[in-house]
Amino acid sequence: MAAESKHVTKFRAKHLKQGEQVVAWGEGYIGEMMGSGKKAQQNGALIVTGGRVAFYRKGFFGEVIETIPLKAITSIERKSFMGHRSIRLHTSHDALEFKSFKKEQDQALVDAIEDGRHGGAQPVAAVAAAPEGDAMAALAKLGELKAAGVLTEEEFSTKKSELLARL
C-alpha cells in the first residue's frame with residue numbers, strides 16, 4: 001500500500017474514536033471539477049473504519065469532514081467512464097459521492113464498506129476482546145488483518161502478545 005495520505009494521518013489524530021480502526025482509505029475528491037460554492041471540488045481521502053465511512057480533507061484554512069455510519073448505508077452505486085470512477089453511498093436520507101482515478105483503490109474501499117455493512121470487518125478492539133476459548137480464532141483473525149494490511153507490525157505484535165497471554 002502507498003504511504004499514508006496526509007488527510008488520513010490528520011483524521012487519525014483528530015477524529016478517530018477510541019477503539020476505532022482505519023480499515024481502508026483512498027485518495028480522491030467530492031464535489032464537481034470546476035464547481036463553486038457547495039459544489040466545489042474538495043480533494044481528500046475516503047476513509048473506512050469498523051463503523052463508519054468518512055470523507056476527510058485537511059486544508060490550510062480548515063477541514064471538511066462528512067461521515068456516514070456503515071449500518072446506515074442502504075446501497076452503493078459505482079460508475080466508471082474513461083478511467084474516472086465514482087462511488088456513491090446512499091442512506092435513507094443522504095448520499096455521498098467520492099470520485100477518483102484508481103480502480104484497485106476503489107475496489108478495496110467498496111469491499112471494506114460491504115464487509116462493514118454486513119458485519120464482516122471486525123475492529124481490532126473486538127478481536128482483542130475475544131473470550132479465552134476463542135483466543136486461537138482471534139489469533140487467526142489477527143493474522144488475516146495483518147496480511148490484508150489493516151494492521152501495522154506494531155499493532156499486530158501488541159495484540160498478539162495480549163492474546164498469547166490468555167492461552
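If you're wondering where the values come from, they're calculated on a predicted model, not measured in any experiment.

Definitions and limits used
Residues numbered from 1 in each chain as written. Predicted model: local features only at pLDDT ≥ 70, side-chain atom pairs only at ≥ 80, totals over all residues. Heavy atoms only, no water. Helix = DSSP H or I, 4+ residues; strand = E, 2+ residues; numbered from the N terminus. Buried < 20%, exposed > 50% of the residue type's maximum accessible area, 1.4 Å probe, protein only. Polar contact = N/O pair within 3.5 Å; in protein donor to acceptor, adjacent residues only side chain to side chain. Contact = heavy atoms within 4.5 Å. Salt bridge = Lys/Arg side-chain N within 4 Å of Asp/Glu carboxyl O. Arc of directions from axis to C-beta.

A. The arrangement of the side chain of S86 in detail. Inspection of the secondary structure puts S86 in strand β6 (residues 84-90). The class of S86 is buried, set by a relative accessible area of 8%. Of note is the side chain of S86, whose polar atom sits 3.5 Å from the side chain of E97. Among all residues touching S86, those that are not within four sequence positions of it are E77, R78, K79, E97, F98 and K99.

B. Looking closely at the pattern of salt bridges. Counted according to the given criterion, the structure contains 7 salt bridges. Across the salt bridge formed by K14 and E63, the nearest N and O atoms sit 3.3 Å from each other. On the criterion of sequence distance, the pair formed by K14 in helix α1 (residues 6-14) and E63 in strand β4 (residues 63-69) is long-range, its members being 49 residues apart. With a relative accessible area of 34%, E63 lands in the partly exposed category. Between E27 and K102 there is a salt bridge, and its shortest N-O distance comes to 3.7 Å. A residue pair is termed long-range when its members are at least 10 positions apart, and E27 in strand β1 (residues 22-30) and K102 in the loop between β7 (95-100) and α2 (103-117) qualify at 75 residues.

C. View of α1. Among all positions of α1, only H7, V8 and F11 are buried. Seen along its axis, α1 keeps its buried residues to an arc of 95°; they face one direction. Residues of α1 that are exposed and point more than 90 degrees away from the buried face comprise K6 and A13. Structurally, α1 contributes buried residues whose contacts are with β1, β2 (42-49), β3 (52-58) and β4.

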